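One-letter residues, chain by chain:
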Amino acid sequence: MFLGLSVLSFFTSAFGVVAGLGGGVLLLAVMATIFPPAVLIPLHGTIQAGNNVSRGIIMRRHITWGMIPAFALGTFLGAIIGGQVVVALPTALLQSVLGAFVLYVCWAPKPESHQAYSGPKFFILGAVGTLVSMFVGATGTLLAPFIRAATSGRHEYLATHAVLMVLLHGLKLAAFISLGFSFGAYLPLLVVMIGTSALGNVFGQSVLNKLSEKLFHRIFQVALTLLSLRLLYSGLSGLGYLPKF
């Protein structure tokens, strides 16, 4: 199991680079069959934080730093009000709304480049993303179309997305540590999985460099659509509108 998870971390990390998103969701889906939720969420958050740190370092030359401060301020606001607002909403309802919303954002006409980024917009995005990250495992999917629209190419998108996800996952880890979760027993697994995810980032970037911008955009759209449909199905089935399989 240790070996299998380590190899899985490599491939899901590489997939996340090539497709632009989805690697974390795939890893979460497999880990959910092994670990109970109380252990799964902090472990997955730690691995994803480490994964995005290495991705950000590898692609540091492409980071769009201008949007980071506003987003970071928003994450702190989201963390402060998260427990008071989102906790009162059913998870299935959140999944349904987010799935439909991300589908719309993915296929709606894209804004002009000068409209794609603004400080207030990314402040709100940081706050909402943090709220969602505490209760629904779709944060990367939610942020992806906005970051993609605000960046000039696939490398800039991936590098900037990695930095923003480090902020979100780092905030989660701080919360789990303050609640007394002990990572000690899982430390060897975490270290190896973060290491293999870094290798996956290196491999994924080598594949990414061979893709055209148009092909990356198409892969990104397809992956985002499938993840959004999965989120929408989970929500609607949880609300009783669709059968569960």
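See the structure printed just above.
Residues numbered from 1 in each chain as written. Predicted model: local features only at pLDDT ≥ 70, side-chain atom pairs only at ≥ 80, totals over all residues. Heavy atoms only, no water.

A. Just the overall build of the protein chain, in detail. Along the protein chain, the regular secondary structure elements total 11 helices and zero strands. Secondary structure of the protein chain in N-to-C order comes out as α-α-α-α-α-α-α-α-α-α-α. Radius of gyration (C-alpha) of the protein chain: 17 Å, near the 18 Å computed for a compact globule of 245 residues. Overall, the protein chain is about 45 × 40 × 35 Å in size when its C-alpha atoms are taken along their principal axes. Summarising the internal contacts of the protein chain: among those between residues at least 6 apart in sequence, 81% fall at separations of at least 24. Roughly 11700 Å² of accessible area belongs to the protein chain as shown, and the carbon and sulfur atoms make up 73% of that amount. (Helix = DSSP H or I, 4+ residues; strand = E, 2+ residues; numbered from the N terminus. Rg over C-alpha atoms; globule rule 2.2 N^0.38 Å. Contact = heavy atoms within 4.5 Å. Areas by Shrake-Rupley, 256 points an atom, 1.4 Å probe, with all protein chains shown as cover.)

B. View of the nonpolar core. In this structure, L21, F122 and Y157 are the most contacted members of the largest nonpolar core, which totals 37 residues. Elements represented by at least two residues in this core include exactly α1 (2–19), α4 (68–85), α5 (91–107), α7 (119–133), α8 (139–150), α9 (154–178) and α11 (213–238). At seven residues, the largest contribution of residues to this core is made by α9. Within the second largest apolar cluster, 14 residues are counted, among which are A49, L173, F183 and L189. (Core = buried A, V, L, I, M, F, W, Y, C linked by side-chain atoms within 4.5 Å. Buried < 20%, exposed > 50% of the residue type's maximum accessible area, 1.4 Å probe, protein only.)

C. View of α9. Between its first and last C-alpha, α9 extends 36 Å over 25 residues, near the 36 Å set by a 1.5 Å rise per residue. Downstream of α9 by a residue or two, G180 has a phi angle that is positive, lying close to 90°. (Expected span 1.5 Å × (residues − 1).)

D. Here's a closer look at the packing of helix α3 (residues 37–58) against α9. At a closest axis distance of 8 Å, the pairing of α3 and α9 adopts a crossing angle of 145°. Viewed along their axes, α3 and α9 form a crossing whose handedness is left-handed. In contact with I41, P42, G45, T46, Q48, A49, N52, V53, R55 and G56 of α3, α9 contributes L158, A162, M165, V166, H169, L173 and F176. Class assignment for the residues of the contact of α3 with α9 results in 10 nonpolar, six polar and one charged. (Axes fitted to C-alpha atoms, helices over the stretch in contact; angles between N-to-C directions. Left-handed = near helix turned anticlockwise from the far one by under 90°. Nonpolar A, V, L, I, M, F, W, Y, C, P; charged D, E, K, R; others polar.)

E. Molecular detail of helix α2 (residues 23–31). Within the sequence span of α2, burial applies to G23, G24, V25, L27 and M31. Those residues of α2 that are buried lie in contact with α1, α3, α10 (187–208) and α11.

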